[in-house]
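# Observations on the three-dimensional arrangement
Below, each chain spelled out in residue letters.
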Amino acid sequence: MTPLHTRQSGNILNKLLPEKSEEEEYVFVIMNSVYPAEGSQFIAERFDLKGSTVGRECSAEEKEKKRNDAVLKDLDLAREVHLMKTITPPTSTPTHGFHIGARLKSSLLSQLRKDVKFLVNCGVMDYSLLVGVVDMDTYRCKKSLADSKTIPKTVDNRPSLSANENAKIEKRNKTIRRAISMTSFPLRTAIAPPLYMAQKLYNLADITLSSVLTLPLPYYGAGICGVDGGALSVLHGRRLGHRCVYYVGVIDFLQPWTMRKVLERDLKGIAGYDVNAISCVDPKEYGARFLEYMNAHIT
C-alpha cells in the first residue's frame, strides 16, 4: 500500500552566489500535493489535524473571512463530533466525523500506523493529516434552494371558519382516514416483501452510483495533474449525511525532535500549558496521540 505521507518528488541542490557572501547551498524539497489542481473550486472543507488540542482551532475571523478556504483544526472537529454524539442515539451506527465505513477505516488506520512507525524511527514530529472534503450534494442543494426562491408565494383568501365548522371538518377527515387505513391494510401487507427488496436494491444502487459519480471529479487538468498518492489518498464516504470525497495525506513531516523542541516543550509546561496536549512532544508520544485522535474521529 502506498504511504500516505506526501511523496518527496526530488531534492534540488541549488548553489546560489550572493554578491557579498560566500557560496551557499540550499536544499529545496518538492512534494506531491494532497489536493488536485483547481481543488479550491470544489473543496468545501479543509482540516489540518495533529492530535493536539492547545491552540488547535480556527479563529472566527478566519472562518468569516475565508469561508470554505478556512483551515479547520483539531478542536473544531472534536467539538463537532462531541455534539453529534450527544444528539445521536447510542445504539445507532456511528457516522460522526469523517465517515468512510469500517472497511476503509481499517485500511486507512493500518496505513497510518505504518507511516507513523516510519516517522517515529526517523525521529520527526509535528506532522499533520491534511483532509479536503468535497460535498457531492452541495450543488444539488444550492440548485434546489435557488428554485425554491423562484416559486411565488400564494395568498390564502379563503374565508375563515368558525370553531364548530372546523370541528365537523376534522371529524369527517378522521372518519375518512380510518376507512382508508382499514381498507389499505391488506394491500400494504401484500406489497411489503417486494417493497423491502426494492429498498435493498435501491440502497445497493445508491452506493454503487455514489462511487461511480465521484471517480474522479472532473476539473481542469485532471488528466495531467491528478492526485497520485495511492488508493487511500482519495476516499469515498459521507460527511454530516452528505455524499462526499475525502482527499487525505500526511504533510509537514520534516521537523526533527531537537534540543530546541525539548526546550520549547519545557517552557510551555512552565507557562502552564498541558504538556500532553501541546504539539511539541517527542516523536513516539506524538505518533501515539496522532493515531488515537484519528481513530476517534474517523468512522
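Along each chain, numbering runs from 1 in the same order as the chain's sequence is written. Only residues with pLDDT of 70 or above have their local features reported here, since the model is predicted, and side-chain atom pairs are shown and tallied only from 80 upward, although totals for entire chains, interfaces and linings are computed over all residues. Side-chain metrics in this entry use all non-hydrogen atoms of the structure; hydrogen atoms and water are not considered.

## A short note on a nonpolar patch on the surface
Patches draw on residues past 30% relative accessible area with no salt bridge. Two like charges within 9 Å are joined, as are two nonpolar side chains (Val, Leu, Ile, Met, Phe, Trp, Tyr) within 5 Å. Each accessible area is a Shrake-Rupley result for a 1.4 Å probe, and residues are judged covered by the shown protein chains and nothing else. Salt-bridge detection follows one rule: a side-chain nitrogen of Lys or Arg within 4 Å of a carboxyl oxygen of Asp or Glu. On the surface, Met259, Leu263, Leu267 and Ile270 cluster together into a nonpolar patch covering about 470 Å² of accessible area. To qualify as a helix, a DSSP run of H or I must reach at least 4 residues; to qualify as a strand, a run of E must reach at least 2; elements of each kind are numbered from the N terminus. Here Met259 is to be found in helix α6 (residues 259-270).

## Side note on the confidence of the model for the protein chain
The pLDDT value expresses, per residue, how confident the predictor is, ranging between 0 and 100. With 77% of its residues at a pLDDT of at least 70, the protein chain reaches an overall mean of 80. Taken element by element, the predicted model of the protein chain shows its lowest mean pLDDT in strand β1 (residues 8-16) (46) and its highest in helix α7 (residues 283-297) (96). Taken together, the stretch residues 9-17 has pLDDT below 50 and engages in 25 contacts with residues farther than four places along the chain or on a different chain. Contact definition: two residues touch when any of their heavy atoms are within 4.5 Å. Low pLDDT, under 50, characterises residues 218-224; the stretch is placed with 11 contacts to residues that sit more than four places away or in other chains.

## A look at the packing of helix α3 (residues 102-121) against α7
Any two packed helices are characterised by the angle at which their axes cross and by the distance between the axes. The interhelical angle for the contact between α3 and α7, taken along N-to-C directions, is 170°, at an axis separation of 10 Å. When the axes of α3 and α7 are compared, the pair comes out roughly antiparallel. On α7, the residues touching Lys105, Leu109, Leu112, Arg113, Val116 and Val120 of α3 are Pro283, Lys284, Gly287, Phe290, Leu291, Met294 and Asn295. Of the residues that constitute the contact of α3 with α7, the class distribution is 8 nonpolar, 2 polar and 3 charged. Geometry is summarised by axes, namely lines fitted to C-alpha atoms with helices restricted to the contacting stretch, and by angles between N-to-C directions that run from 0 to 180 degrees. For classification purposes, angles smaller than 35 degrees are called roughly parallel, those larger than 145 roughly antiparallel, those between 65 and 115 roughly perpendicular, and all remaining angles oblique. We call Asp, Glu, Lys and Arg charged. Ala, Val, Leu, Ile, Met, Phe, Trp, Tyr, Cys and Pro are nonpolar, and the rest, Gly among them, are polar.

## Examining α7
Multiply 1.5 Å by the residue count of a helix minus one, and that product is the helix's expected span. In a regular helix each residue adds 1.5 Å, so 15 residues correspond to 21 Å; α7 covers 21 Å between its end C-alpha atoms and thus fits that length. Buried residues along α7 sit in contact with β3 (45-49), α2 (74-87), α3, β5 (124-125) and β6 (128-135). The term polar contact refers here to a pair of N or O atoms within 3.5 Å; inside protein, the definition further demands a hydrogen-donor-capable atom paired with an acceptor-capable atom, and it admits residues adjacent in sequence only when both atoms are side-chain atoms. Its side-chain oxygen placed 3.1 Å from the backbone nitrogen of Lys284, Asp282 serves as the N-cap of α7.

## Let's talk about the nonpolar core
Nonpolar side chains in soluble globular proteins generally cluster together in the buried interior. Buried residues of nine kinds, namely Ala, Val, Leu, Ile, Met, Phe, Trp, Tyr and Cys, make up a nonpolar core once their side-chain atoms join them within 4.5 Å. Three labels apply to residues, based on accessible area from a 1.4 Å probe with only protein chains included: buried if under 20% of the type maximum, exposed if over 50%, partly exposed otherwise in between. Ranked by size, the top nonpolar core spans 37 residues in total, and within it Phe98, Leu112, Tyr246 and Met294 carry the most contacts. Elements with a minimum of two residues in this core: β3, α2, α3, β5, β6, β8 (242-251) and α7. Per element, the largest residue contribution to this core is 6 residues, and it comes from α3. With 10 residues, the next largest nonpolar core counts Tyr35, Leu130, Tyr247 and Ile251 among its residues.

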